[in-house]
Amino acid sequence: MDRGVVGGRPLVLDGGLATRLEAYGRDLGGGLWSARLLAEEPELVRRVHRDYFEAGADVAIAAGYQATAAAFAARGFGAAEARALVVRSVELARAERDAFGAGLVAAGVGPYGAARADGSEYTGDYDLDEDGLVRWHRERWELLTGAGADLVACETIPSLDEARALARLLGGTPGVRAWMSFSCADGARISDGTPMAEVARELAPLHADGRLVAVGVNCTAPRFVPSLVRAVSAAGLPAVAYPNSGEVWDARRRRWTGTGDPGTFGAAAVGWCAAGAVLVGGCCRTGPEHVRAIRAAVDGMS
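Residues numbered from 1 in each chain as written. Predicted model: local features only at pLDDT ≥ 70, side-chain atom pairs only at ≥ 80, totals over all residues. Heavy atoms only, no water.

**What to know about the confidence of the model for the protein chain**
Heads up, the condition is: Residue-level confidence of the predictor, termed pLDDT, takes values from 0 up to 100. Contact between two residues is taken to exist if any of their heavy atoms lie within 4.5 Å; hydrogens are not considered.
Averaged over the protein chain, the pLDDT score is 94; the fraction of residues at 70 or greater is 96%. A low-confidence stretch, residues 1-7 (pLDDT under 50), is modelled with 14 contacts involving residues beyond four sequence positions or located in other chains.

**Details of the packing of aromatic side chains**
To keep things clear, this is the line we draw: Paired rings are identified among Phe, Tyr and Trp, the last through its six-membered ring, by centres lying within 6.5 Å, and are further divided according to the angle between planes into stacked (under 30 degrees), edge-to-face (over 60) and tilted (the rest). Secondary structure counts use DSSP, requiring at least four H or I residues in a row for a helix and at least two E residues in a row for a strand, with both numbered from the N terminus. For every residue, the accessible area obtained with a 1.4 Å probe (protein chains only) is divided by the maximum for its type, and the residue is called buried under 20%, exposed over 50%, and partly exposed between those limits.
Applying the stated criterion across every chain yields a total of seven aromatic pairs. Where Phe-53 meets Phe-100, the ring centres are 5.4 Å apart and the plane angle is 10 degrees; that geometry is what we call stacked. Placement of the pair is Phe-53 in helix α3 (residues 42-55) and Phe-100 in helix α5 (residues 79-100), with a sequence separation of 47 residues. Residue Phe-100 is classed as partly exposed on the basis of its relative accessible area, which comes to 32%.

**Comments concerning the pairing of strand β6 (residues 178-182)**
To keep things clear, this is the line we draw: Strand pairing is defined by DSSP finding a minimum of two bridges between the two strands. With the strands pointing away from the viewer, any crossover whose connection runs clockwise from the first strand over the helix to the second is right-handed.
Across the five residues of β6, five count as buried, placing the element largely inside the fold. Taking every second residue as pointing to the same face, both faces of β6 are buried, with Ala-178, Met-180 and Phe-182 on one and Trp-179 and Ser-181 on the other. Summarising the sheet, strand β5 (residues 151-157) and β6 pair through four bridges and their orientation is parallel. By the bridge assignment, Ala-153 is partnered in β6 with Trp-179. Read from β5 through helix α8 (residues 160-171) to β6, the crossover connection turns out right-handed.

**Structural notes on the pattern of salt bridges**
What counts here: Think of a salt bridge as a Lys or Arg side-chain nitrogen and an Asp or Glu carboxyl oxygen that are within 4 Å of each other.
Within the structure shown, the criterion is met by 19 salt bridges. Between Arg-116 and Asp-118 there is a salt bridge, with its nearest N and O atoms 3.5 Å apart. Owing to a relative accessible area of 27%, Arg-116 belongs among the partly exposed residues under this scheme. Owing to a relative accessible area of 45%, Asp-118 belongs among the partly exposed residues under this scheme. Taken together, the salt bridges that share partners define one network made up of Arg-46, Arg-50, Glu-54 and Glu-96.

This is how it looks when you write it as structure tokens:
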């Protein structure tokens, strides 16, 4: 894809936006999650984008994951202000990219499950069918695709129905390019149980016409990434991979367990690229140190 690789190497995505905001001491509890800071502390959102650019990211994913006009309106914002806050997610990322002097901006489009805040972005167990998902996504889609981002990042998609809904919106929006990344149940299937190979084959026509730049995985354990990326590559598509740190949440002890070592994460990214990923980065529990490790690993690829 044009602009998809620089000097023949994959592009490096940023790390976890919410993770970095929490590192600055912010409590992101509540339905809006990190999107709340679009209204309350926009300069801090810009600071986080700068942190990732400085760490070596080529692409900043804007803070639209959980930002919808309906969610802002439900918290007392007027209709026009609510829509403006959704657009602000892209505006902040663009402003920081321009100040930094390099990079791309991807508008962040989270799944329906993120707005429900019930964990269904990891199951696909929704109360809307494909047509309902098209209707639910449409307003935010139109706001974000009109905000001047270079790409659209459709993230943490748990089901084939939701992918089909987003594909319909993408197919009906001339000039917009996107990637789709999925939450996955294991090394072969997305969260609703559909094999990744089947998902990639179904989405392949959108890649053929230049609209879909990559398909892949995010917010999933790193150990599942290589086989998922290979499934995408086998369908003839470039892949995107930005898993979580590899740590596991222990609900009983209320703490994270396992290792999220940045060096190990960066080394693993080389394997994801070898399997076919052209966009690599981190999701939950990853920070600038993980991006620096990926940057070094990608730059060291022969």
